[in-house]
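# Observations on chain architecture
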Amino acid sequence: MADVFRLPFHSLRFSSSVITSFASSISSLQPGLPPILNPDNKGAYPLSYSSVAGLAFRRRDHLLSFKVQATVAETEQPKWWEKNAPNMIDIHSTHEFLSALSQAGDRLVIVEFYGTWCASCRALFPKICRTAEDHPEILFLKVNFDENKPMCKSLNVKVLPYFHFYRGADGQLESFSCSLAKFQKIKDAIETHNTARCSIGPPKGVGDLLPVLAPKDKSTESPSA
């Protein structure tokens with residue numbers, strides 16, 4: 001019966017040919033692992049399974065960490081409708097809408113009604129942003145249809161994307177729907193309404209909209225005798 005010898009695992013030593021083959025296998029499974037070196041150059045390589053496994057797990061943890069960081073960075077990217085030019089303002093309520101119009105003074109104001117789910121709105125939006133950058137003197141207001149349905153209904157917005165043009169005492173100048181294929185309509189309207197002039201009087205657009213957007217007075221008068 002053959003004798004059985006028990007040796008500590010950490011004391012095992014392997015020939016250079018065996019360890020070279022093993023190292024190449026590990027490298028193919030885990031690219032980027034450092035090569036296993038022979039510190040004494042005597043043809044034998046001291047090998048610790050725990051050290052190799054530790055390198056593999058550290059490499060795997062590094063890859064996992066990289067994937068998590070990449071996913072976080074991807075989720076932090078702004079949505080397409082959040083990429084605004086400096087002269088673009090998001091409107092979240094009727095109060096914000098009326099306030100923005102009243103503070104615009106004599107500037108031309110272009111109001112875009114859009115939906116985050118609207119493919120035509122998404123296709124047109126980069127053009128709107130570039131137009132806003134080319135015309136810093138114009139104020140662009142963005143109204144999310146889903147966030148402002150009562151206001152959009154009061155303003156008779158029935159299709160998206162939809163645009164209103166306002167300017168000072170002149171009030172609402174025009175309104176129309178527009179797609180990427182018909183973007184020239186917006187360029188023509190800007191050329192028509194964005195002229196050098198001074199209006200006399202308060203912004204008329206706000207006064208026109210107040211009866212439409214403001215809550216109605218529910219007080220009743222007492223009947224006359």
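The chain carries the name Thioredoxin in an unreviewed UniProt entry, which gives Parasponia andersonii as its organism. Quoted straight from UniProt, the Sequence similarities (unreviewed entry) entry for the chain says "Belongs to the thioredoxin family."

Let us look at the overall build of the chain. In terms of helices and strands, the chain carries seven helices and seven strands. When the 225 residues of the chain are sorted by exposure, 32% land in the buried category. Across the chain, contacts joining residues at least 24 apart in sequence account for 76% of those joining residues at least 6 apart. Within the structure as shown, the chain displays about 15000 Å² of accessible surface, and the carbon and sulfur contribution to it stands at 58%.

We now examine the packing of aromatic side chains. Taken as a whole and assessed by the stated rule, the structure comprises six aromatic pairs. Ring centres of Trp-80 and Tyr-114 lie 6.2 Å apart, and the angle between their planes is 65°; on these two criteria the pair is classed as edge-to-face. Here the residue Trp-80 occupies a position in the loop between helix H2 (49-75) and strand E3 (88-91), and Tyr-114 occupies one in strand E4 (residues 108-114), the gap between them amounting to 34 residues. Accessibility expressed as a relative area gives 4% for Tyr-114, which makes it buried.

A separate point is the side chain of Thr-131. Mapped onto the elements, Thr-131 comes out in helix H4 (residues 119-134). Classification of Thr-131 as buried rests on a relative accessible area of 10%. In this view, Thr-131 contacts Phe-140, Phe-183 and Ile-190; residues no more than four positions away in its chain are not counted.

Our next topic: the confidence of the model for the chain. Per-residue confidence for the chain gives a mean pLDDT of 76; residues scoring 70 or more make up 56%. Segment residues 217-225: pLDDT under 50, and zero contacts once partners within four positions in sequence are set aside and those in other chains are kept.

A word on unusual backbone geometry. Note that the residue after Leu-160, namely Pro-161, is joined by a cis bond; omega there is -5°. Along the polypeptide, Pro-161 turns up in the loop between helix H5 (149-154) and strand E6 (162-167).

Reading the values: rules and limits
Residues numbered from 1 in each chain as written. Predicted model: local features only at pLDDT ≥ 70, side-chain atom pairs only at ≥ 80, totals over all residues. Heavy atoms only, no water. UniProt positions renumbered as here; feature names shortened; annotations may be inferred. Helix = DSSP H or I, 4+ residues; strand = E, 2+ residues; numbered from the N terminus. Buried < 20%, exposed > 50% of the residue type's maximum accessible area, 1.4 Å probe, protein only. Contact = heavy atoms within 4.5 Å. Areas by Shrake-Rupley, 256 points an atom, 1.4 Å probe, with all protein chains shown as cover. Phe/Tyr/Trp six-rings, centres within 6.5 Å; stacked < 30°, edge-to-face > 60°. pLDDT = per-residue confidence, 0-100.

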